[in-house]
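Here is how the chains run, residue by residue.
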Amino acid sequence: MSKYAPSATPCIRVSPSGVHGLGAFATRSLPAFALLGLYEGRRYTPAQVAAKQWNDQLTYLFTLSNEETIDGAKGGNATRHLNHSCEPNCEAVEEYDDAGKLVLKFQTLRAVEAGDELFIDYCLTADDGSGPEDYPCRCGATNCRGTMLAPVEAPEEADQEPSASGA
Ligand SMILES: [Zn+2]
């Protein structure tokens, strides 16, 4: 194991969440598009991701557009504690750093107050056959889609929310 020091995230305080487990809270009021920190952690290639058993750690995994996956559970900083919301106040944005490395930047989507819990929309994709019911969302937003999985383009004729399939 190499020594790895996660970068500081002075705008984030980690405390028990109102929604799930630990959460990330703003230490001070922030304007829209304020940088919270970089999503850090161990990086995996697609082959490495496929070869590994992840159990329920999916919520700490971020797959970048270059197909690298960052596991925030390993060497990550406080940004990994942002919970999911279907109506988030923060977002994750990809950017190339000065060294040409693709990084994932967490920033506010709109102004937040000191003490506000910070959320992003995980838009998870489950390649292991898990259904929406395996990643339930309890964010409480009025437009909550009931799952942390990415929205699925519903066929025209199906105007019903998918329900848990008999398992
Ligand atoms: Zn929700």
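Residues numbered from 1 in each chain as written. Predicted model: local features only at pLDDT ≥ 70, side-chain atom pairs only at ≥ 80, totals over all residues. Heavy atoms only, no water.

As annotated in an unreviewed UniProt entry, the protein carries the name SET domain-containing protein-lysine N-methyltransferase and is attributed to Variovorax humicola. Within the UniProt record for the protein, the comment given under Subcellular location (unreviewed entry) is "Chromosome". (UniProt positions renumbered as here; feature names shortened; annotations may be inferred.)

Next up on the list: the environment of Thr-59. Among the structural elements, Thr-59 can be located in the loop between α1 (46-51) and β5 (61-63). C-alpha of Thr-59 to C-alpha of His-81: the two residues are 22 residues apart in sequence and 9.8 Å apart in space. With sequence-adjacent residues up to four places away left out, Thr-59 is seen in contact with Tyr-122, Leu-124 and Met-148. (Helix = DSSP H or I, 4+ residues; strand = E, 2+ residues; numbered from the N terminus. Contact = heavy atoms within 4.5 Å.)

In this section: the coordination of the zinc ion. When a metal holds four donors in a tetrahedron, each ideal angle between them is 109.5 degrees; when it holds six in an octahedron, the ideal angles are 90 or 180 degrees. For the zinc ion, every protein donor is listed as Cys-86 (SG), Cys-137 (SG), Cys-139 (SG) and Cys-144 (SG), and the spread of their distances is 2.3 to 2.4 Å. Here the zinc ion is ringed by four donor atoms whose angles at the metal span 101 to 114 degrees, and the overall shape comes out tetrahedral. Each donor residue of the zinc ion lies on one chain, and together they are spaced C-x50-C-x1-C-x4-C. By relative accessible area, Cys-139 is classed as buried at 17%. Classification of Cys-144 by relative accessible area gives partly exposed; the value is 27%. (Donors = N, O, S within 2.8 Å, 3.2 Å for Na, K, Ca; no water. Tetrahedral: all angles 85-135°; square planar, octahedral: opposite > 155°, others 65-115°. Buried < 20%, exposed > 50% of the residue type's maximum accessible area, 1.4 Å probe, protein only.)

Let us now look at the sheet that holds strand β6 (residues 69-71). Strand order in the open sheet made by the three strands is β4-β6-β5, with antiparallel pairing throughout. This sheet does not close on itself; its edge strands, each paired only once, are β4 (42-44) and β5. This sheet shows a mean twist of 25 degrees between the axes of neighbouring strands, independent of strand direction. Summarising the sheet, β4 and β6 pair through three bridges and their orientation is antiparallel. From the neighbouring strand, Tyr-44 faces β6, where its bridge partner is Thr-69. (Pairing = 2+ DSSP bridges. Axes fitted to C-alpha atoms, helices over the stretch in contact; angles between N-to-C directions.)

A separate point is unusual backbone geometry. Phi angles above zero are rare outside glycine, and Phe-33 is one such case at about 65 degrees. Structurally, Phe-33 can be placed in the loop between β2 (22-26) and β3 (35-38). With phi around 75 degrees, Glu-67 is a residue other than glycine that occupies positive phi space. Relative to the helices and strands, Glu-67 resides in the loop between β5 and β6. Residue class for Glu-67 comes out exposed when judged on its relative accessible area of 52%.

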